[in-house]
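# Structural overview for review
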Amino acid sequence: MNRYRLMPRRLLLAWLSCLLCLGAAAEDVPRLQGTVVGIADGDTVDLRLDSGMIRVRLHAVDAPEHDQPYGRAARRELSRLVYLRKVEVEPIEQDQYDRLVARLWLGEMDVNAELLRRGAAWVYRRYAREPDYCTFEQEARALEYGLWGLPTIPPVAPWEWRQHEKRRKPFTDYSKQTLAACIDSLGK
């Protein structure tokens, strides 16, 4: 990423603020168009827009970390889908790391949802609001796609993996979580 210059934080914040001030409904939010020129990990891409480079963190999904089982495979899966392809970005917010958090579209395909269908990511329950995403994750689990087919069962959720050194309790077993429990946990 060092060789690319990212869109200045102030410009991105101003753009997002304008959208919020206008009170645009989710379906009215304009999509940015660009080309994916880098894959940072299984849920983050570098996008070249006409106005410059931005880093995009995919909304509502969390892929395994690079040092976690299936982490590199999740990155490859995202790369197969979008690398060097023209995509549209539906902005949601900006995160604490100056990344644009967004839904990524490849034509009519919701890339975030597709990663869940392929078992390359988890529903990021804390931030997700899309009940369908829980359905896609559950279907991938049932079919043992991607990370759900790993011999190390249960897989550890990335948000818990990142806390493993500080964590004093056992990891949560999401491998048997019901659809209703997943939906109930959204946004919490």
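Residues numbered from 1 in each chain as written. Predicted model: local features only at pLDDT ≥ 70, side-chain atom pairs only at ≥ 80, totals over all residues. Heavy atoms only, no water.

## Some thoughts on the pairing of strand β2 (residues 44-49)
Judged by how many residues are buried, β2 sits mostly within the fold: five of six residues are covered. In terms of strand pairing, strand β1 (residues 32-41) meets β2 through five bridges, oriented antiparallel. Bridge pairing in β2 links Asp41 to Thr44. Connecting β1 to the next strand, β2, in antiparallel fashion are two residues. Note that β2 and strand β3 (residues 52-58) share six bridges and pair antiparallel. Looking across to β3, one finds that Thr44 is bridged to Arg57. (Buried < 20%, exposed > 50% of the residue type's maximum accessible area, 1.4 Å probe, protein only. Helix = DSSP H or I, 4+ residues; strand = E, 2+ residues; numbered from the N terminus. Pairing = 2+ DSSP bridges.)

## Overview of the pattern of salt bridges
The tally for this structure, following the rule as stated, stands at 17 salt bridges. Salt-bridge contacts for Arg57 lead to Asp62; the nearest nitrogen and oxygen are separated by 3.2 Å. Notably, a salt bridge pairs Lys188 with Asp184, separated by 3.5 Å at the nearest N-O pair. What emerges from the salt-bridge pattern is a single network uniting Asp43, Arg57, Asp62, Glu65 and Arg162. (Salt bridge = Lys/Arg side-chain N within 4 Å of Asp/Glu carboxyl O.)

## Considering the confidence of the model for the protein chain
Model confidence for the protein chain is summarised by a mean pLDDT of 88, while 86% of its residues fall at 70 or above. Counted against residues more than four places away or in other chains, residues 17-24, with its pLDDT under 50, gives four contacts. (pLDDT = per-residue confidence, 0-100. Contact = heavy atoms within 4.5 Å.)

## Section: the pairing of β3
Burial within β3 is extensive, with five of its seven residues counted as buried. In textbook terms, the turn of a hairpin is the stretch between consecutive antiparallel strands, and for β2 and β3 this stretch comprises two residues. Pairing analysis gives three bridges linking β3 to strand β6 (residues 100-106), with the strands arranged parallel. Of the residues in β6, the one forming a bridge with Arg57 is Val101.

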